[in-house]
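Fold and contact review
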Amino acid sequence: MSTGCSEQAVAPTGESKTPTETEAKQAEIGLTAGEQPAPVKEEKSKEWIMNRLVEISRRYFSQLEEATHQELPFEVFRENLQRYMTDRFIDQEHLEEFYKGGVGQNRLFLFHYEPGTLKARTTILEHTEDHIVVKTMWFANELNSGYYEISTLRKSGGDWLLDEKRREETPKGGFQLTTQEAEIYLKNFPYAEKPIQSVKYVGNKTLDAHKDFGLFYQFDGDGETYYISPFDGYVLSGDLEHY
């Protein structure tokens, strides 16, 4: 008599079969045997998005300085930029014109993303597998009024590239910055001689120093006085000079 038997000939023993680890995981998420789970959606955090915008901004100006110093033709400069931005963005922002002449253009009119404004308030408007749209603040200065910037990152070849930016005017009440947002910005203030370690809100103060919007938040930063407009982010020093 043969001691072996086929799988079909094995009589049921009444014992339940122990599920494999894969089967157990499938059961947890409601999948039947053999069914494959849907791919996990890649979702970038707000911090990652902010860091990517700052990185692109810094890389652009670094590449610009290097290419200008070496007197590279624009097409070579464009190839370097394609690691950080799409051709659509390069053409939309007239970067070739700026590279060849730069007349009347500077960082204020390009995409000099500041970590302070990004950390103070960044809103994710859209987030899909291949593009991200965010809304950020651009504070007022001597050349520009405060406004919102809508920036689009698009995924291409595994990299997230800057694809578009457009301006959106603030509503009648302006940004309506909170004191907490203003404090975050001052802790990352790009124009201070050295990083501000301690920022303390002092109170509100009306100043006749900035257009028609005289209400400012007053802060003490490492012993220095700073005023910042909750309307458009305009910053003044203690002697009422703009940074």
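Described in the following lines is the structure provided in the data block. As the structure is a computational prediction, the values presented were derived from the model and not from experiment.

Right, let's get into helix α3 (residues 74-81). Every buried residue of α3 is accounted for by Phe74, Phe77, Arg78 and Leu81. Down the axis of α3, the buried side of the element spans an arc of 105°, and every buried residue falls inside it. The secondary structure elements touched by the buried residues of α3 are α2 (46-70), α4 (87-92) and α5 (95-100).

Relative to the helices and strands, Arg83 resides in the loop between α3 and α4. The partly exposed category is assigned to Arg83, whose relative accessible area is 43%. Distance in space between the C-alpha atoms of Arg83 and Trp160 is 8.8 Å, their sequence separation being 77 residues. Leave out the neighbours within four places in its chain, and Arg83 touches Arg52, Gln63 and Leu161. In terms of polar contacts, Arg83 uses its side chain to reach the backbone carbonyl oxygen of Asn80, at 3.4 Å.

Attention now goes to the pattern of salt bridges. Pairing is possible between side chains that carry opposite charge, provided their charged atoms lie close to one another. The final tally for this structure, using the stated rule, is 15 salt bridges. The closest approach of N and O atoms between Arg78 and Asp87, which form a salt bridge, is 2.9 Å. Arg78 gets classed as buried once you look at its relative accessible area, which sits at 11%. Ionic pairing is found between Lys165 and Glu149, a salt bridge with its closest N-O pair at 3.9 Å.

On to the sheet that holds strand β1 (residues 122-127). An order of β1-β2-β3-β4 is seen for the four strands of this open sheet, with the pairing classed as antiparallel. If you trace the sheet from one side to the other, it starts and ends with β1 and β4 (159-169), each paired once. Looking at each pair of strands side by side, their axes are set apart by 20° on average, direction ignored. For strand β3 (residues 147-156) and β4, the ladder comprises ten bridges, and the chain directions are antiparallel. Counterpart to Ser151 in the pairing with β4 is Lys165. Those strands touched by α2 are β1, β2 (131-138), β3 and β4, and its axis lies near 90° from that of β4.

Hydrogen bonds between backbone groups are what pair the strands of a sheet, and the pairing can be parallel or antiparallel. Spatially, four strands are ordered β5-β6-β7-β8 in an open sheet, and the strand pairing comes out antiparallel. The open sheet has two edge strands with one neighbour each: β5 (199-206) and β8 (235-237). Adjacent strand axes in the sheet meet at a mean angle of 30° when their direction is disregarded. Pairing geometry for strand β6 (residues 215-221) and strand β7 (residues 224-228), over five bridges, is antiparallel. Considered in β7, the bridge of Gln218 is made with Tyr227. Against the sheet, helix α7 (residues 179-187) touches β5, β6, β7 and β8, its axis set at about 50° to β6.

Our focus in this paragraph is the pairing of β1. Looking at chain direction, β1 and β2 are connected through five bridges and run antiparallel. Along β2, the bridge assignment pairs Thr123 with Lys135.

Another point: the packing of α2 against α3. Two numbers describe how α2 lies on α3: the axes approach to 10 Å, and their chain directions differ by 155°. For the element pair α2 / α3, the angle class is roughly antiparallel. Two packed elements cross with a definite hand, and for α2 against α3 that hand is right-handed. Of α3, the residues touching α2 (which contributes Tyr60, Gln63, Leu64 and Ala67) are Phe77, Asn80 and Leu81. Within the contact of α2 with α3, the residues separate by chemical class into five nonpolar, two polar and no charged.

Conventions and cut-offs
Residues numbered from 1 in each chain as written. Predicted model: local features only at pLDDT ≥ 70, side-chain atom pairs only at ≥ 80, totals over all residues. Heavy atoms only, no water. Buried < 20%, exposed > 50% of the residue type's maximum accessible area, 1.4 Å probe, protein only. Helix = DSSP H or I, 4+ residues; strand = E, 2+ residues; numbered from the N terminus. Arc of directions from axis to C-beta. Contact = heavy atoms within 4.5 Å. Polar contact = N/O pair within 3.5 Å; in protein donor to acceptor, adjacent residues only side chain to side chain. Salt bridge = Lys/Arg side-chain N within 4 Å of Asp/Glu carboxyl O. Pairing = 2+ DSSP bridges. Axes fitted to C-alpha atoms, helices over the stretch in contact; angles between N-to-C directions. Parallel < 35°, antiparallel > 145°, perpendicular 65-115°, else oblique. Left-handed = near helix turned anticlockwise from the far one by under 90°. Nonpolar A, V, L, I, M, F, W, Y, C, P; charged D, E, K, R; others polar.

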